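Read off the chains here:
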Amino acid sequence: MHIAILETGRINAQIADRFPRYPHMFRSLFGRQQDSGLVFSEVAVIDGEFPASVEDYDGYLVTGSAAGVYDDYDWIPPLMEFIRAAHAADRPLVGICFGHQVIAHALGGFTKKWHGGWGLGVYDVDLASCPAWVPPTGQVKLIHIHQDQVVRLPAEATPHGSTSFCENAMFSIADNVFCMQGHPEFEPDYTAALMTARSDSMGPDRVAHALGTLDDGHEGDRVAGWIVDFFR
């Protein structure tokens, strides 16, 4: 399968010389999955680039971003239109963090800046009603960095995961949408660098606590296997 990674964000300028761009993080993540059968291309949505047609690729993955769905960026409205068209055409869609939020928002849900501030570090995602591509399991550990949350899911969505900070942390729609608030593609060193660079805006005490959670490990590779099975 040929999957387009729709790039909606870039690495924070303070640390951009130390880490790869988000599409490369995903390539590394899925590269560790044996015989995935997936081939990836990058489409810089953040620069206003889009596939000419939803049929150009077999599926789409929408990355994280510092943007919010409510921000006044020229590329956000056409991204939502593209998401709706891809969904109508039964093209599989995966959303990660901002991708999770914008897919939910585009398909009838609602995302907003959360009054409780930032959710940072490794969280246990409590799982229930798992779809066919997720083996029965109670929890999975994922890295989270977000202030926005999906506060209302699309009408057709099935919730699958929640954290102590975020009720709607994972959902699916039928067998062609799979979204999550957490970041399977992030590694602890990048997460620590990003939180440290943004400590003033995120809150020094909250960042200090989150840095400690990174020692607990995370299960991004495990979740990557679920995403591969979903695309298959």
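One structure accompanies this document, and this report is about it. Worth saying up front: this structure is predicted, and the values here are computed from it rather than measured. (Residues numbered from 1 in each chain as written. Predicted model: local features only at pLDDT ≥ 70, side-chain atom pairs only at ≥ 80, totals over all residues. Heavy atoms only, no water.)

**Regarding helix α6 (residues 204-213)**
- Every buried residue of α6 is listed here: Val207, Ala210 and Thr213. The buried residues of α6 occupy an angular sector of 110° when the element is viewed end-on, so they sit on one face. Away from its buried face by more than 90 degrees, α6 exposes Asp205 and His209.
- Buried residues belonging to α6 abut β6 (119-127), α4 (188-197) and α5 (199-202). (Buried < 20%, exposed > 50% of the residue type's maximum accessible area, 1.4 Å probe, protein only. Helix = DSSP H or I, 4+ residues; strand = E, 2+ residues; numbered from the N terminus. Arc of directions from axis to C-beta. Contact = heavy atoms within 4.5 Å.)

**Some details on the sheet that holds strand β7 (residues 139-146)**
- Across the sheet, nine strands lie side by side as β2-β1-β3-β4-β11-β10-β9-β6-β7; this open sheet has mixed pairing. Both edges of this open sheet fall to β2 (39-43) and β7, since each of them pairs with a single strand only. Strand-to-strand, the axes of this sheet are offset by a mean angle of 25°, without reference to chain direction.
- Bridge count for β6 against β7 is eight bridges, and the pairing is antiparallel. Within β7, the residue paired with Tyr123 across the bridge is Leu142.
- On the sheet, α4 packs against β6 and β7 and is oriented at approximately 30° with respect to β7.
- Across the sheet, helix α7 (residues 220-231) is in contact with β1 (2-6), β3 (59-62), β4 (93-96), β6, β7, β10 (170-173) and β11 (177-180); its angle to β7 comes to roughly 95°. (Pairing = 2+ DSSP bridges. Axes fitted to C-alpha atoms, helices over the stretch in contact; angles between N-to-C directions.)

**Quick notes on the packing of helix α2 (residues 76-88) against helix α3 (residues 98-106)**
- In the contact formed by α2 and α3, the axes pass within 9 Å of each other and the chain directions differ by 70°. Between α2 and α3, the angle falls in the class roughly perpendicular. Contacts between α2 and α3 involve Leu79, Met80, Ile83 and Arg84 on the former and, on the latter, Phe98, Val102, Ile103, His105 and Ala106.
- Across the contact of α2 with α3, the residue classes break down as seven nonpolar, one polar and one charged. (Parallel < 35°, antiparallel > 145°, perpendicular 65-115°, else oblique. Nonpolar A, V, L, I, M, F, W, Y, C, P; charged D, E, K, R; others polar.)

**What to know about the side chain of Glu185**
- Along the chain, Glu185 falls in the loop between β11 and α4.
- Arg32 provides the closest opposite charge to the buried, unpaired Glu185, separated from it by 9.2 Å.
- Apart from the residues lying within four places of it in its own chain, the contact partners of Glu185 are Met25, Phe26, Leu29 and Ile96. (Lys, Arg positive; Asp, Glu negative; His and termini not counted. Salt bridge = Lys/Arg side-chain N within 4 Å of Asp/Glu carboxyl O.)

**Concerning the pattern of salt bridges**
- Applying the stated criterion across every chain yields a total of 12 salt bridges.
- With a shortest N-O distance of 3.0 Å, Glu7 and Arg10 are connected by a salt bridge.
- Judged by relative accessible area, Arg10 falls into the partly exposed class, the value being 35%.
- Its salt-bridge partner being Glu7, residue Arg21 comes within 2.6 Å of it at the nearest N-O pair. Of this pair, Arg21 sits in the loop between β1 and α1 (22-31) while Glu7 sits in the loop between β1 and α1, and the two are 14 residues apart along the sequence.
- Judged by its relative accessible area of 34%, Arg21 is partly exposed.

None of this, on its own, says anything about what the molecule does.
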